Structures are given as C-alpha cells and as structure tokens.
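Descriptive structure summary
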Amino acid sequence: MANFELVTAADVRLMQGLAQHVTAARPDLVNSDASFGELAWNWGKGHASDGAGWRRRLWFSGGDLVAWGWVCLPHRVRRSDGSVKDVTGAYLAYQVHPDHAGLVDEVIDWYDATAVDLERTVLPGAADEFALKRWAAHGYVTDPASLGDAGSWTQLNERDLIDVEQPVLPDGFRFRTADEAGPEAAVQAHVDAWAPSSYTAESYEGVRQMVAYRGDLHLLVEAPDGTMASSTIMWLDEVNKTAEFEPVGTHPGYRRQGLARAMLLHGMHLARAAGATHMTVACLGAPGRSQARELYYGVGFRKLSWDVPLIKAKTAVS
C-alpha cells in the first residue's frame, strides 16, 4: 500500500542530509529539486498553501535515509495579481543515493500508485543513466513540452570561489540583507521580481523556519527610491563548504542595470567569508531561455548537470 504521509520540516532536514551525501560523492546526480537549498526553499515557501497536496515516502538503510519521493498532487495556485492557476497533473521530486540505485524502481512504483489516475511528470538527471533506463522501463517518455527553445527543464551550474571579481553597483544603489531590511521588504522584493507570484508573508515565514536559512545570507539591492530592486537567498551547506543561490530575481523596472550581476558577486564574497569554497545556481537550460544562463556564465559559472523531463499519461483505475 502507498504511503500517504505529508512532507514535514523534519523530513526536509533528512532529505537535505541525503543531498549532502550525494553532493560529496556524485554532485552530478543531485536532482534539480533535491539540492540542499532547493529543498529548503520549496518546502518553506509552499508548505502552508500547498502542503496538503504533498505526499512523501522515505527509504532507510541502517537508520540512514537513502532514498525519498515527494509527490505534488493537483492543486490551485492563487497569485498576487488575483489570477488562479489550476495544476491538474502530478509531479515527483526524488533522490536515491548512488550506492542504493536499485531503489529507484520502488520510488517509481510508489509514484505510480500514488498518482495512478493522473498525468505524471518527473525530472531525473541526465547523468543518472541507470535511473533513466528504469523510468523508460516503467513507461515514462520524453515530455514533448520540454523540446525546443521554450522547454522548461533546468540545468545546475557551478564555480569555485577563487578570484571572485569585486561587485560594482550603479550610483545610489546599495546592498542590504533581509536581517537589515525586514520581512516586508524581503517579501515585496520577491513578489516584484516574479510577478504574478504566489509568494506571501506566510511563505517567507516558512522559509525563515528552515534550519538552513540565514537572514545575513539573504541579499537585496536597494534602489535610490527605497525599492528593493533585486534579491537572492544563499543556502550554505557547511558539510560540503558549498553555497547555493535560490532564488535570484530582479524587479522588471530595474533590469539591465547590472544589479543581479553585482549582487551575485557580492554574495559570493559573503559565502566565501562564511566558509564556502564552491557555489551553485540553477537556471532554465533550453536554448531559448538564455537570459539567466548568460548572467550566470558572465560571473564565472559553468554547467554541471541538467534534467531530462519525462512524462507518463494517466491510467484509469480498473
């Protein structure tokens, strides 16, 4: 029988522990939704509004978490402009430790049982050849929507923190942290950058509850008129001495002024001061989605890994 327990903050901490193990052994196998920072960001921002539709299962070996699955079931998303988006399919985030690769079949079986009457999507990593073969054996195929210039799959980028260039902001702009600017400013910065957005003060409170969150590593760029024009959160994995930017966004009225570039460089200096020697950031990888990718490449990042979007049509219950 499928396990229908909801994802909790304690589960996320266990998942982050597995992410740290996989990062140390095979960083190219960390799924796009399974990185140390992405796990904290996804649960923190969405658990209050969407958590009732999140199902999970955990697999242990000798007391250690070695695999997990996190299913997002159909739900309604309410956004800042008053619009509503209905998500009708199921999506799986998951991770399997490379030493227990065979568990991917159990993950797939559990996903199929949990979302049996729904269209199912998943994003295994391109480097995980064994998993890709197993997904194919279970009837998953390339998602047609991912093909071409407008595909929505992501790639993970990395760089070391040696020789980080000094940031330069336009006159009148200054760096702030969320600790300095306060919650209201931090929330507004995100909503402005990602409008229409479902992010709220309640979302940010969830993010702040995550063990890995640090307000001094949540950066903003303040414009001369007081607007928080750009923002990012850095998630520091002290075990692997790596930090991750997630999310990164700029107010549309302040783009193409070099704010995000300066913020990323400033963030890397802060991350290094906090003990990191390595940095990662994800972006859309399709050919026509180059804007963020070019920004990251411009400050020294290069592609490490990428997703393979798969889909399986819904099967009615017999």
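Residues numbered from 1 in each chain as written. Predicted model: local features only at pLDDT ≥ 70, side-chain atom pairs only at ≥ 80, totals over all residues. Heavy atoms only, no water.

**Considering the sheet that holds strand β12 (residues 228-237)**
Taking strand neighbours across the sheet as the criterion, the seven strands line up as β10-β11-β12-β13-β14-β9-β15 in an open arrangement whose pairing is mixed. What marks the edges here is a single partner per strand, and that holds for β10 (174-177) and β15 (302-306). This sheet shows a mean twist of 30° between the axes of neighbouring strands, independent of strand direction. Pairing analysis gives four bridges linking strand β13 (residues 242-250) to strand β14 (residues 278-284), with the strands arranged parallel. By the bridge assignment, Glu244 is partnered in β14 with Thr280. In the packing of helix α6 (residues 183-194) onto the sheet, the strands contacted are β11 (218-222), β12 and β13, and the crossing angle to β13 comes to about 65°. (Pairing = 2+ DSSP bridges. Helix = DSSP H or I, 4+ residues; strand = E, 2+ residues; numbered from the N terminus. Axes fitted to C-alpha atoms, helices over the stretch in contact; angles between N-to-C directions. Contact = heavy atoms within 4.5 Å.)

**Side note on the packing of aromatic side chains**
This structure, assessed with the given rule, holds 12 aromatic pairs. Relative to Tyr199, the ring of Trp41 lies with its centre 5.5 Å away and its plane at 35°, an arrangement referred to as tilted. Taken together, the residues Trp41 in helix α2 (residues 36-50) and Tyr199 in the loop between α6 and α7 (201-209) connect sequence positions 158 residues apart. With centroids separated by 6.2 Å and ring planes inclined at 85°, the aromatic side chains of Phe173 and Tyr254 adopt a geometry described as edge-to-face. Linking Phe173 in the loop between β9 (154-160) and β10 with Tyr254 in the loop between β13 and α8 (259-273), this pair joins segments that are 81 residues apart in sequence. Tyr254 carries the same exposure label as Phe173, and that label is buried. Among the aromatic residues, ring-to-ring pairing joins Tyr94, Tyr111, Trp135 and Tyr140 into one connected group. Directly above the ring of Trp306 sits Lys303, whose terminal nitrogen or CZ lies 4.5 Å from the centroid. (Phe/Tyr/Trp six-rings, centres within 6.5 Å; stacked < 30°, edge-to-face > 60°. Buried < 20%, exposed > 50% of the residue type's maximum accessible area, 1.4 Å probe, protein only. Lys NZ or Arg CZ within 6 Å of the ring centre and 35° of its normal.)

**Some points on unusual backbone geometry**
Omega for the peptide link from Ala195 to Pro196 comes to -5°, which places this bond in the cis form. Within the secondary structure, Pro196 is located in the loop between α6 and α7. Glu246 connects to Pro247 through a cis peptide bond whose omega is 0°. Inspection of the secondary structure assignment puts Pro247 in strand β13. The residue Asp163 is not glycine, and still its phi comes out positive at about 55°. One can find Asp163 in the loop between β9 and β10.

**Some thoughts on α8**
The end-to-end C-alpha distance of α8 is 21 Å, a good match for the 21 Å that 15 residues give at a rise of 1.5 Å each. Among all positions in α8, only Leu259, Ala260, Ala262, Met263, Leu264, Leu265, Gly267, Met268, His269 and Ala271 are buried. At the C-terminal side of α8, Gly275 shows a positive phi close to 115°. (Expected span 1.5 Å × (residues − 1).)

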